[in-house]
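Take a look at the letters that make up each chain.
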Amino acid sequence: MLRKLYLVPVLALFLLPGVAKAQFEQGNWELSLAGSGFNDQDWTTGSVSIQGSLGYFTTKELELGVRQSYTWGDGGSAWNGDTRVFADYHFDLDRWQPFVGANVGYVYGDGVSDSWIAGPEVGVKYFVNSTTFIGVSAAYEFNLQEGLEDGAFFYTLGLGFKW
């Protein structure tokens, strides 16, 4: 009889991942990391890009934060970066956390003319456990001096952590 009672706590441990809370809560912090790269077919030119993001949830839906990205091209001879602040509104669908938002920032470096940028963004975060998620987002960023027609789309796939 006592041996059967030992099975109850062991079985309960297997249920924990199924009920783990994957939602954001007010006061949570989030760190996201992403990277990308490309090269031509002859491997003579290419680039690598990294991006980091740090956000804070002022409510369980509203995240405010900062993003930083750097891109090195042609073997490290040319680089550019951008620093942006963002505000994203999340829709709580348990493990799925779609969001819409906006960002504004400054782009600088060798391959671009230094300027202010802004634009809308959308995306979704999928929690693989209660603290780790995979995020996908798309943003349209335009040069504030040039107007909406001088913009470009940017896509990101990354890994994130909340605490």
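Starting afresh in each chain, residues are numbered from 1 along the sequence in its written order. With the structure being a predicted model, the display of local features is reserved for residues of pLDDT at least 70 and the display and counting of side-chain atom pairs for 80 or more, all residues being used for whole-chain, interface and lining totals. The basis for every side-chain value is the complete set of non-hydrogen atoms in the structure, without hydrogens or water.

1. As for the side chain of Ser53
Then, in step 1: Inspection of the secondary structure puts Ser53 in strand β2 (residues 46-57).
Then, in step 2: Working rule for contacts: check all heavy atoms of both residues, and any pair within 4.5 Å makes them a contact. Not counting the four nearest positions on each side in its chain, Ser53 is found in contact with Glu30, Leu31, Ser32, Val66, Arg67 and Phe86. In this description a helix means any DSSP run of H or I spanning at least four residues, a strand means any run of E spanning at least two, and both kinds are numbered starting from the N terminus.

2. Here we look at the sheet that holds strand β6 (residues 115-127)
Whenever strands of a sheet pair, they do so through backbone hydrogen bonds, lying parallel or antiparallel.
Then, in step 1: The pairing criterion for strands is at least two bridges between them, as found by DSSP. In space, the 8 strands of this closed barrel follow the order β1-β2-β3-β4-β5-β6-β7-β8, with antiparallel pairing throughout. Each strand axis lies, on average, 25° off the axis of its neighbour in the sheet, ignoring direction.
Then, in step 2: Pairing geometry for strand β1 (residues 29-39) and β2, over 11 bridges, is antiparallel. Its bridge partner lying in β2, Leu31 is registered against Leu54. Helix axes use the C-alpha atoms of the stretch in contact, all axes being lines fitted to C-alpha atoms, and the angles between their N-to-C directions lie in the range 0 to 180 degrees.

3. Some words on the pattern of salt bridges
Then, in step 1: Every case where a carboxyl oxygen of Asp or Glu lies within 4 Å of a side-chain nitrogen of Lys or Arg is listed as a salt bridge. Counted according to the given criterion, the structure contains 7 salt bridges.
Then, in step 2: Here Glu63 ties to Lys125 by a salt bridge, and the two come within 3.1 Å at their closest N and O atoms. On the criterion of sequence distance, the pair formed by Glu63 in strand β3 (residues 62-73) and Lys125 in strand β6 is long-range, its members being 62 residues apart.
Then, in step 3: We classify Glu63 as buried; its relative accessible area is 0%.
Then, in step 4: Using a relative accessible area of 5% as the deciding quantity, one classes Lys125 as buried.
Then, in step 5: Note that Asp88 and Arg67 form a salt bridge whose closest N and O atoms lie 3.3 Å from each other. Of this pair, Asp88 sits in strand β4 (residues 78-90) while Arg67 is found in strand β3, placing the two residues 21 residues apart along the sequence.
Then, in step 6: The network of salt bridges with shared partners includes Glu30, Glu63 and Lys125. Throughout, exposure labels follow a simple rule: accessible area from a 1.4 Å probe, protein chains only, divided by the maximum for the residue type, with under 20% read as buried, over 50% as exposed, and the rest as partly exposed.

4. Let's talk about the layout of surface pockets
By rolling a water-sized probe across the atoms, one finds the places where empty space is left.
Then, in step 1: Lining residues are defined by having an atom within 4 Å of a point belonging to a cavity or pocket. Those points lie on a 1 Å grid over the protein atoms alone, cavities being sets where a 1.4 Å probe fits but cannot get out and pockets being open sets with protein on both sides within 12 Å along at least five of seven lines. Grid points are joined across faces, edges and corners, and a volume is the space filled by probe spheres set on the points. A volume near 920 Å³ is recorded for the largest pocket.
Then, in step 2: Lining of the largest pocket is provided by 47 residues; of these, Gln51, Ser69, Asp82, Arg84 and Phe154 occupy positions nearest its centre.
Then, in step 3: Put simply, the parts of the chain that give the lining of the largest pocket at least two residues each are β1, β2, β3, β4, β5 (96-109), β6, β7 (132-143) and β8 (151-162).
Then, in step 4: When grouped by side-chain class, the residues that make up the lining of the largest pocket number 19 nonpolar, 18 polar and 10 charged. Classes in brief: Ala, Val, Leu, Ile, Met, Phe, Trp, Tyr, Cys and Pro nonpolar; Asp, Glu, Lys and Arg charged; the others, Gly included, polar.

5. Quick look at the environment of Ser49
Then, in step 1: By secondary structure assignment, the location of Ser49 is in strand β2.
Then, in step 2: Separated by 20 residues in sequence, Ser49 and Ser69 place their C-alpha atoms 7.1 Å apart.
Then, in step 3: With residues up to four places along the chain from it excluded, the contact list for Ser49 reads Ala34, Gly35, Ser36, Tyr70 and Thr71.
Then, in step 4: One polar contact links Ser49 to Thr71, side chain to side chain, over a distance of 3.2 Å. Contacts described as polar in this section are N or O atom pairs within 3.5 Å, which, within protein, must combine one atom able to donate a hydrogen with one able to accept it, while residues neighboring in sequence count only if both atoms come from side chains.

6. Focus on the nonpolar core
Then, in step 1: Throughout, nonpolar core names a set of buried Ala, Val, Leu, Ile, Met, Phe, Trp, Tyr and Cys residues whose side chains join them through atoms within 4.5 Å. In this structure, Ala22, Phe24, Phe57, Phe127 and Phe133 together form the largest nonpolar core, which totals 5 residues.
Then, in step 2: Ignoring any residue separated from it by four or fewer positions in sequence, one finds Phe133 in contact with Phe24, Glu30, Ser32, Lys125, Tyr126, Phe127, Val128, Gly158, Leu159, Gly160 and Phe161.

7. With respect to the packing of aromatic side chains
One pair of aromatic rings is described through two measures. These are the centre distance and the angle between the planes.
Then, in step 1: Pairing of aromatic rings covers Phe, Tyr and Trp, the last counted by its six-membered ring, and requires centre-to-centre distances within 6.5 Å; plane angles under 30 degrees mean stacked, over 60 mean edge-to-face, and any other angle means tilted. Inspection of every chain in the model, using the stated rule, returns 13 aromatic pairs.
Then, in step 2: Between Phe24 and Phe57, the aromatic rings sit 4.1 Å apart at their centres with planes inclined by 20°, giving stacked as the arrangement. Of this pair, Phe24 sits in the loop between α1 (2-19) and β1 while Phe57 sits in strand β2; the two residues are 33 residues apart in sequence, bridging distant segments of the chain.
Then, in step 3: With a relative accessible area of 1%, Phe24 lands in the buried category.
Then, in step 4: Judged by centre distance (6.3 Å) and plane angle (25°), the rings of Tyr106 and Tyr108 are stacked.
Then, in step 5: On the basis of relative accessible area, Tyr108 is assigned to the buried category, the value being 18%.
Then, in step 6: For a ring to carry a charge above it, either NZ of a lysine or CZ of an arginine must fall within 6 Å of the ring centroid while also lying within 35 degrees of the normal to the ring plane. Sitting above the plane of the Phe86 ring, Arg67 keeps its charged end 3.8 Å from the centroid.
Then, in step 7: The ring of Phe99 has Lys125 lying over it, and the distance from NZ or CZ to the ring centre is 5.0 Å.

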